[in-house]
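# Coordinates in review
Listed here are the chains, written in short residue letters.
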Amino acid sequence: MPIAIEMPKMTDTMEEGVLVEWSVEEGDKIAAGDVIAQVETDKATMDVEAYDDGILLKKVAQAGDALPIGGLIAVLGEAGEDVSAILSSHTADDSATPAPAETPKETPSPAPANVAASEVTVTGRVKASPLAKRMAADHGLHLTHLTGSGPGGRIIKRDVEAQMSRPRIPAPIGADRGIETVRISQMRKAIARRLAESKYTSPHFYLNVDVDVTALIAHRTAVNDFLEKSGRPKVSFNDFVTKASAIALVQHPDVNVTYAAEEGVIRRYSYVDVGVAVAIEDGLVTPVVRNAHQKSVAAIAEETQELAARARDRKLTPEEMEGSTFTTSNLGMFGIESFTAIINPPNACILAIGTIRDVPVVQDGVVVPGKRMKLTLSCDHRAVDGAVGARFFATLKELLENPISLFLQEALAT
């Protein structure tokens, strides 16, 4: 009998996926494990594999379609099999899924003159399937402007698609002033959802420190001279911060935690996995350096550069972007002196790294040139108190201002 190929859950935070392109055609013979399509998730573009052998009888989704988890992508089976039952069952599921309750006293806005308004219940709730709601929101459509063709006047997918195909109402005079509407990627949707949740559910507080990096600059120069002769990649200041953070987290385990609100517990980790924020074309990803406390600065540099390169090529796996216990974000290369970063859930802290500045400093009563770098630690006050964060920051500052201690830590670890 025909087999439904549905949108799989490919990351832990994925809610829907966009089909980017097909790798096979209708009528092709498929074996279990074959890549049949590519899907854009909230973190990367990933391959969809078939779980069964058969003939690709029907492509249901087209390139550019957004489908929820479990949405029908295609139908697999034996040549000549009837696929209508599977198609109708998925259509029925979409139209029959009850919509979540909305604010009962919401008054619907009037529909434009050239569209028919949908049926609205006496409580003011528009009847629509979850998929239709998502599609309408993604395309800026108001549900009260749509006509429902599902059971009981419910708005379903085809109603949204029909409205999208209709001519738009002319904009008011003077409104056309070069506004461009850009489709939001799955990654951007996930970033918006996760960071909004973090900002408004985690009580952030911020700690700032100005680090004297004079010795660190000289130490980095010496390390890179050695690495260059050995044919190994150079290390960045960010690599030193990653290493120093990892050591400080081992010494202050109450910062190396996550807050699990659902379970009412704080998880404290004996290992340190540092997420390093990497900017890509349409968003931000955080590949994770595992066991950073046990690795040398040179090893961290090699790993970070490799992860960052694959992040920009959208080749990271979900496992390489999940499970961090602490995160760093660096905007110093753009000349940003300091900034406050939003905590990367489920971490309790994120470290924001600013640029290195030439500043006058007073040394032994005399004003001399100095090198300074501002760091800002964002903390979730549910898990980390101010004094705890301050003690961690003091250790981190000490390590960066005396970089030989990082070398000694590496030597002792081996």
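Structure: above.
Residues numbered from 1 in each chain as written. Predicted model: local features only at pLDDT ≥ 70, side-chain atom pairs only at ≥ 80, totals over all residues. Heavy atoms only, no water.

All right, on to the packing of helix H2 (residues 130-138) against helix H3 (residues 157-165) then. It is at 8 Å that the axes of H2 and H3 come closest, and there the two elements cross at 20 degrees. With respect to their mutual orientation, H2 and H3 come out roughly parallel. Taken together, the residues of H3 that come into contact with H2 (itself represented by Leu131, Ala132, Met135 and Ala136) are Lys157, Val160 and Glu161. Of the residues in the contact of H2 with H3, the class split is 5 nonpolar, no polar and 2 charged. (Axes fitted to C-alpha atoms, helices over the stretch in contact; angles between N-to-C directions. Helix = DSSP H or I, 4+ residues; strand = E, 2+ residues; numbered from the N terminus. Parallel < 35°, antiparallel > 145°, perpendicular 65-115°, else oblique. Contact = heavy atoms within 4.5 Å. Nonpolar A, V, L, I, M, F, W, Y, C, P; charged D, E, K, R; others polar.)

As a further point, take H2. Along H2, the residues classified as buried are Leu131, Ala132, Lys133, Met135 and Ala136. Downstream of H2 by one or two residues, Gly140 has phi in the positive range, about 70 degrees. (Buried < 20%, exposed > 50% of the residue type's maximum accessible area, 1.4 Å probe, protein only.)

Here the focus is the nonpolar core. Counting residues in hydrophobic clusters, the biggest one holds 75 residues, and the most contacted among them are Ile36, Leu351, Leu375, Leu377, Leu396 and Leu400. Residues contacting Leu351, with those up to four places away along its chain left out, are Val241, Ser245, Phe326, Thr327, Thr328, Ser329, Leu375, Thr376, Leu377, Phe393 and Leu396. Judged by nonpolar contacts, the second largest core, of 11 residues, contains Leu131, Ala132, Met135 and Ile155. (Core = buried A, V, L, I, M, F, W, Y, C linked by side-chain atoms within 4.5 Å.)

Strand order across the open sheet formed by 4 strands is E5-E4-E2-E7, with antiparallel pairing between neighbours. Two strands close off the open sheet at either side, each with one partner strand: strand E5 (45-49) and strand E7 (66-68). Pairwise comparison of adjacent strand axes, ignoring direction, gives a mean angle of 40 degrees for this sheet. Direction of pairing for strand E2 (residues 16-22) relative to E7: antiparallel, over a ladder of 3 bridges. Looking at E7, one finds that Gly17 is bridged to Leu67. Running over the sheet, helix H4 (residues 186-201) touches E2 and strand E4 (35-40) and is turned about 165 degrees from E2. (Pairing = 2+ DSSP bridges.)

Across all of its chains, the model carries 16 salt bridges by this definition. Between Asp212 and Arg372 there is a salt bridge; the shortest N-O distance is 3.1 Å. Residue Asp212 is found in strand E9 (residues 204-212), and its partner Arg372 is found in strand E18 (residues 366-380); the two are separated by 160 residues along the sequence. Exposure remark for Asp212: the relative accessible area of 25% places this residue in the partly exposed category. A salt bridge links Arg268 to Asp254, with the shortest nitrogen-to-oxygen separation between them at 2.9 Å. Of this pair, Arg268 sits in strand E11 (residues 265-268) while Asp254 is found in the loop between helix H6 (237-251) and strand E10 (257-260), placing the two residues 14 residues apart along the sequence. (Salt bridge = Lys/Arg side-chain N within 4 Å of Asp/Glu carboxyl O.)

A few words on the sheet that holds E18. Two pairing modes exist for strands in a sheet, parallel and antiparallel, and in both the strands are linked by backbone hydrogen bonds. The strand order across the open sheet formed by 6 strands is E9-E18-E17-E16-E12-E15, and the pairing between neighbours is mixed. The sheet terminates laterally at E9 and strand E15 (288-289), the two strands that pair on one side only. Alignment of strand E17 (residues 349-363) against E18, held across 13 bridges, turns out to be antiparallel. Note on E18: the bridge partner recorded for Leu351 is Leu377.

Residues Asp34, Asp47, Glu49, Asp52 and Asp53 make up a contiguous surface patch of negative charge. For Asp34, the position within the fold is in the loop between strand E3 (29-30) and E4. Classification of Asp34 as partly exposed rests on a relative accessible area of 32%. (Patch = residues over 30% accessible without salt bridge, like charges linked within 9 Å, V, L, I, M, F, W, Y side chains within 5 Å. Areas by Shrake-Rupley, 256 points an atom, 1.4 Å probe, with all protein chains shown as cover. Lys, Arg positive; Asp, Glu negative; His and termini not counted. Charge placed at Lys NZ, Arg CZ, Asp CG, Glu CD.)

What follows deals with the side chain of Ser378. Residue placement: Ser378 occurs in strand E18. Relative accessible area serves as the criterion here: at 0%, Ser378 is assigned to the buried category. Engagement of the side chain of Ser378 in a polar contact is seen with the backbone oxygen of Ala341, the distance being 2.7 Å. Non-local contacts of Ser378, meaning those with residues more than four positions away in its chain, are made with His204, Phe205, Tyr206, Thr340, Ala341, Ile343, Ala348, Cys349 and Ile350. (Polar contact = N/O pair within 3.5 Å; in protein donor to acceptor, adjacent residues only side chain to side chain.)

Of the consecutive residues Pro345 and Pro346, the connecting peptide bond is found in the cis state with omega at 5 degrees. Mapped onto the elements of the fold, Pro346 is located in the loop between strand E16 (326-330) and E17. Residues other than glycine seldom take positive phi values, yet Asn291 does so here, at roughly 50 degrees. Positioned with a positive phi, Asp364 is a non-glycine residue whose angle comes to about 55 degrees. For Asp364, the location among the structural elements is in the loop between E17 and E18. Overall, the relative accessible area of 77% leaves Asp364 in the exposed class.

A few words on the packing of aromatic side chains. Tallied over the full model, the rule gives 3 aromatic pairs. Their ring planes at 55 degrees and their centres at 5.4 Å tell us that Tyr269 and Tyr271 sit as a pair that is tilted. Residue class for Tyr271 comes out partly exposed when judged on its relative accessible area of 32%. Measuring from ring centre to ring centre gives 6.5 Å for Phe392 and Phe393, while their planes differ by 20 degrees; the resulting arrangement is stacked. Taken as a pair, Phe392 and Phe393 share a single burial class, namely buried. The structure contains a cluster of three or more aromatic residues connected by ring pairs, namely Phe326, Phe392 and Phe393. Seen from the ring of Phe237, Arg220 lies directly overhead, with NZ or CZ sitting 4.5 Å from the centre. (Phe/Tyr/Trp six-rings, centres within 6.5 Å; stacked < 30°, edge-to-face > 60°. Lys NZ or Arg CZ within 6 Å of the ring centre and 35° of its normal.)

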